[in-house]
Amino acid sequence: MNFLSFLKNWTLPVAMLFGTVAYLLFAFIPALDSVGETMEPFFDTILPLFMFFILFVTFCKVDFRALRPVGWHLWVALFQIFFVAMITMAVLVFHITGDNLILLEALLTCIIGPTAAAAAVVTSKLGGNLEQMTTYTFISNFITAALVPVCFPLIDKSVHIGFWPAFWMILYKVCLVLVLPMGLAYIVKHHFLRLHRWVVGVKDLSFYLWAVSLSIVTGVTVRNIVHADTSVGFLLLIAMLGLLLCIIQFAVGRYVGHFFGRTVEAGQALGQKNTAFAIWIAYMYLNPLSSVGPGCYILWQNCINSIELWQHRKHQEK
């Protein structure tokens, strides 16, 4: 019983540890190497399905009539744009190249990336407003779609992307990730009432689905870090800067939120990023090595999420 309580209370760290150990076992034990290669396409396929069901379950709990912008949305959006502008201007003004450019690109992808779709899951667990968080998730994706085709050609002259093709490509991915599960959840909530009651009746279903997907994502992240074509020192530098950035974004978000009585929501909105998307845009448009930044960021943001959940649980116990 104590072991089950431990798993329940520390689901996210256990999920990350399991993903890390599983990858290392399959990668470095010769007898399991072929099994790992066989399973890799399977995990690549099921991960998007997990994210779809996580969001479907979460959106089943949303009051669709309450999805509207509020005051803190504007300020969190402005801070995201401000941070992106700072990185972009630093590259342009100081003519940064080489490894220093890769470092800034790694940080930029962690800033310019949209709010994680799973941020709504954590917000709900922390007692935050699910509708406000869901609304900002959509807003942040539009911001990202506008910023990427503007900023990336400025910082990396080898990037040749038109604004509208990139904008519509990103919005297409947003539709697949966010709009489809929301549309299905809306239909189920209003037309399949028995199924809807069952979905919302399973306690923390979306959270535990997310924990499983986090194990897979962590394994993929560790793989990318292990196979990164650079020195250990440079990887550690990217990781440490990613940690610093993660703390800053969560802190600034919570600072903005306290003016509106929404510290949880604003903190998650600015701090918790869609790192899978950030890794994709790094590979697609920038130096592939910069993808290590969002790869490390996913570990840091979930460490912070674990601390927040622990603090929330202690507060409830009191």
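The structure under discussion appears in the preceding block.
Rules of the game
- As a convention, each chain's residues are numbered from 1 in the sequence order in which they are written.
- Selection of residues for local features in this predicted model requires a pLDDT of at least 70, selection of side-chain atom pairs for listing and counting requires 80 or more, and totals for whole chains, interfaces and linings are taken over all residues.
- Side-chain measures were taken over the full set of non-hydrogen atoms in the model, leaving aside hydrogen atoms and water.
- Residue types Ala, Val, Leu, Ile, Met, Phe, Trp, Tyr and Cys, when buried and joined through side-chain atoms within 4.5 Å, form a set referred to as a nonpolar core.
- For every residue, the accessible area (1.4 Å probe, protein chains only) is compared with the maximum for its type, and the residue is labelled buried under 20%, exposed over 50%, or partly exposed between those bounds.
- Secondary structure is summarised from DSSP: a helix means a run of H or I of at least four residues, a strand means a run of E of at least two, and numbering begins at the N terminus for each.
- Contacts: residue pairs with any heavy atoms within 4.5 Å of one another.
- The term salt bridge refers to a pairing of a side-chain nitrogen on Lys or Arg with a carboxyl oxygen on Asp or Glu at a separation within 4 Å.
- Site definitions follow a grid-based scheme: protein atoms alone, a 1 Å grid, a 1.4 Å probe that fits but cannot get out for cavities, and for pockets an open set with protein on both sides within 12 Å along at least five of seven lines, plus lining residues having an atom within 4 Å of a point.
- Grid points are joined across faces, edges and corners, and a volume is the space filled by probe spheres set on the points.
- Gly is placed with the polar residues, together with every amino acid not listed as nonpolar (Ala, Val, Leu, Ile, Met, Phe, Trp, Tyr, Cys and Pro) or charged (Asp, Glu, Lys and Arg).
- His is not counted, nor are the chain ends; Lys and Arg add positive charge and Asp and Glu add negative charge.

Student: When you look at the nonpolar core in this model, what are you seeing that I'm missing?
Tutor: Grouped burial of nonpolar side chains is what soluble globular proteins tend to show. Core analysis: the biggest nonpolar cluster contains 80 residues, and Val-76, Ile-112, Phe-152 and Trp-210 have the highest contact counts within it. With 11 residues, helix 7 (residues 130-155) is the single largest residue contributor to this core. Contact partners of Val-76, with chain neighbours within four places excluded, come to Tyr-136, Val-256, Ala-266, Ala-269 and Leu-270. Judged by nonpolar contacts, the second largest core, of 11 residues, contains Ile-102, Leu-235, Ile-238 and Val-292.

Student: Looking at this structure, how should I read the pattern of salt bridges?
Tutor: Close approach of charged atoms allows side chains with opposite charge to pair. This model, assessed by the stated rule, comprises 3 salt bridges. Between Arg-65 and Asp-63 there is a salt bridge whose closest N-O contact spans 3.3 Å. Take Asp-63: its relative accessible area is 28%, and that puts it in the partly exposed class. Taking the shortest distance from any N to any O, the salt bridge between Arg-254 and Glu-308 comes out at 3.4 Å. Within this pair, whereas Arg-254 is found in helix 11 (residues 232-258), its partner Glu-308 is found in helix 14 (residues 292-317), the two being separated by 54 residues in sequence.

Student: Teacher, can you tell me more about the layout of surface pockets here?
Tutor: Remark: the empty space left among the atoms is shown by a probe the size of a water molecule rolled over them. If you add up the space inside the largest pocket, you get close to 1,100 Å³. In terms of lining, the largest pocket is formed by 37 residues, of which the most central are Leu-47, Met-51, Asn-274, Ala-276 and Phe-277. Breaking the lining of the largest pocket down by element, the ones donating at least two residues are helix 3 (30-59), helix 7, helix 8 (163-191), helix 10 (205-226), helix 13 (275-285) and helix 14. Here the element with the most residues in the lining of the largest pocket is helix 10; it accounts for 8 residues. Residues belonging to the lining of the largest pocket are distributed by class as follows: 22 nonpolar, 11 polar and 4 charged.

Student: What is the right way to read the side chain of Glu-131 from this model?
Tutor: Summarising the element assignment, Glu-131 is placed in helix 7. With no salt bridge to any partner, buried Glu-131 finds its closest opposite charge in Lys-189, at an N-O distance of 6.3 Å. If near-sequence neighbours (up to four positions away) are discounted, Glu-131 is found in contact with Lys-61, Val-62, Asp-63, Ala-66 and Leu-67.

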